[in-house]
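Below are the chains, spelled out letter by letter.
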Amino acid sequence: MGENRRLAAVVKLAQGMAAAHTPRESWRAAALGACQALEGNFAALSVWERERGRLRVLVNVGELAPGEEEFPEDETYPVHQFPEITEFLHERWAAGGEPNAWVETDEGPAAGRPGYCHQRVTALRRRGRRCCVVAPIVQHGRAWGELYVARTADAPLFTRSDADFATVLAAVVAAGLAQTERLEEARRLAFTDALTGLANRRAVDMRLEEAIERHRADGVPVSLVVCDLNGLKKVNDTLGHAVGDRLLERFGSVLSLCGAMVPGALVARLGGDEFCLLAVGPSADEVVKAADELCRRAAELEPGEGVACGVASTEDDIGPVRSARRLFRLADAAQYRAKALRADRPVVAGREGPEDPVVRLLDEPPPAPRTGAERRRFRGRRPPGGRAP
């Protein structure tokens, strides 16, 4: 491959990773870009999990052998099977060298390799591949993982030049992964409540809009729990904000625990003492059961005073839900009713019969504002007995 083609391949790989929106997309773009740049038939990206002493495959692309998956759930290899990871690389870096790529073949040693690795040779033979190039990926001066590209028996062997090019590609991949991690962290911060670690209002708004679209299109049940932590202001005023923050954190943990009862639920802090749980798919009864457990557990939190909890679900008799705003207002109104009643259980919109107070209150048109003439006529009316009010 000429220098111009290699330069174009590097640019294409970098652009592919830059266009990725999720870590998975970034991993796939890295492996696919490297596979194409090195004219391979297969490529994989793996991460070195130090705490577990293993290489974990993140993605496989190209011509997959039997048993290989694009995004494997648990394809891992003990690091001790790859001594170059724990020995050669560290020795080279400790001596000031660079983590250069090397080539393995189905017969053993090849260009630019650090030392014979029986496991890689065996894997090549088992999967019908002739050779591979292995390029360490370095993040912050430490081995992050490896880029692996292989060719089948009908393709030429990788050369020393290919190994050098793989080293360059691994550096580009490392930069792309770092950028992805930074973007992912920025997204996490944008949609996470800093105090509790739960989702925030922005995350709820986005998820709820998507959920209502699914409900309108396919009839998927959507349920929302809105709750208000009672007594927080009193705790802040008498015991201090540090104690209040601790109460919020503890309640967030309880909400997370109860949310785990509902598959796929999103739990969030809306702000201040307000929290919510959003469920898409599970039945309204499952959500109410989780809300009931939440009320029970919250009542045991000290120095709080329990929680006021309201539930609104498209499965209940609340009328058509055409917007996220309507479902949110119903759940919020149910929460206010729970607070007014000092209820120790959730109030569920639409479950108090045809004259459900929550739905009726929300659906009643607001009184029309009086005009100036009407106000004057009202003031000028005389009650029985003759005196104006």
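Cut-offs and rules
- Per chain, the residues get numbers from 1 upward, laid out in the order the sequence is written.
- Thresholds applied to this predicted model are a pLDDT of at least 70 for local features of residues and 80 or more for the giving and counting of side-chain atom pairs; totals over whole chains, interfaces and linings are not thresholded and use all residues.
- Hydrogens and waters are ignored; side-chain quantities use all the structure's heavy atoms.
- What makes two strands pair is DSSP finding at least two bridges between them.
- Numbering of helices and strands runs from the N terminus, with a helix taken as a DSSP run of H or I at least four residues long and a strand as a DSSP run of E at least two residues long.
- Three labels apply to residues, based on accessible area from a 1.4 Å probe with only protein chains included: buried if under 20% of the type maximum, exposed if over 50%, partly exposed otherwise in between.
- For the purposes of this section, nonpolar cores are sets of buried Ala, Val, Leu, Ile, Met, Phe, Trp, Tyr and Cys residues that join through side-chain atoms within 4.5 Å.
- We call two residues in contact when some of their heavy atoms are within 4.5 Å.
- Geometry of aromatic contacts follows a simple scheme: Phe, Tyr and Trp rings, the Trp one being its six-membered ring, pair when their centres are within 6.5 Å, and the pair is stacked under 30 degrees between planes, edge-to-face over 60, tilted otherwise.
- Charge-over-ring contacts are defined here by two conditions on Lys NZ or Arg CZ: a distance within 6 Å of the ring centre and an angle within 35 degrees of the ring normal.

J.: I'd love a proper account of the sheet that holds strand β10 (residues 274-280), names of residues and values included.
T.: Adjacent strands of a sheet pair through backbone hydrogen bonds, lying either parallel or antiparallel. In spatial order, the strands read β9-β10-β8-β11-β12; together these five strands make up an open sheet with mixed pairing. One side of each edge strand has no neighbouring strand; the edge strands of this open sheet are β9 (266-271) and β12 (347-348). Bridge count for β9 against β10 is five bridges, and the pairing is antiparallel. Within β10, the position partnered with G271 by the bridge is E274.

J.: Account for unusual backbone geometry, with residues named and values stated.
T.: E302 connects to P303 through a cis peptide bond whose omega is 10°. Considering the arrangement of structural elements, one finds P303 in the loop between α9 (284-298) and β11 (307-313). A positive phi angle, near 55°, is found at R342, a position not held by glycine. With respect to the helices and strands, R342 occurs in the loop between α10 (324-341) and β12. For R342, a relative accessible area of 77% translates into the label exposed.

J.: Can you lay out the nonpolar core for me, pointing to particular residues and giving the numbers?
T.: Counting residues in hydrophobic clusters, the biggest one holds 37 residues, and the most contacted among them are L38, L45, V133, I137, L147, L169 and V173. Of all the secondary-structure elements, those providing two or more residues to this core are α1 (3-18), α2 (23-37), β1 (42-49), β2 (54-62), β6 (129-139), β7 (142-152) and α5 (160-190). If one sorts the elements of this core by residue count, α5 sits on top with nine residues. When near neighbours in sequence (up to four residues on either side) are disregarded, I137 contacts L45, R142, A143, W144, G145, E146, L147, A170, V173, A174 and L177. Ranked by size, the runner-up nonpolar core spans 31 residues in total, among them L208, V321, L330 and A349.

J.: Outline the packing of aromatic side chains, supporting the account with residue identities and numerical values.
T.: As enumerated under the stated definition, the model contains two aromatic pairs in all. Ring centres of F251 and F275 lie 4.8 Å apart, and the angle between their planes is 75°; this geometry places the pair in the edge-to-face category. Note that F251 is positioned in helix α8 (residues 241-259) and F275 in strand β10, a separation of 24 residues in sequence. Look at F251 and you get buried, because its relative accessible area is 0%. F275 sits in the buried class, given a relative accessible area of 0%. The positively charged end of R24 is found above the aromatic ring belonging to F71, 4.5 Å away from the centroid. A cation over an aromatic ring shows up here: R201 above the ring of F328, its NZ or CZ 4.5 Å from the ring centre.

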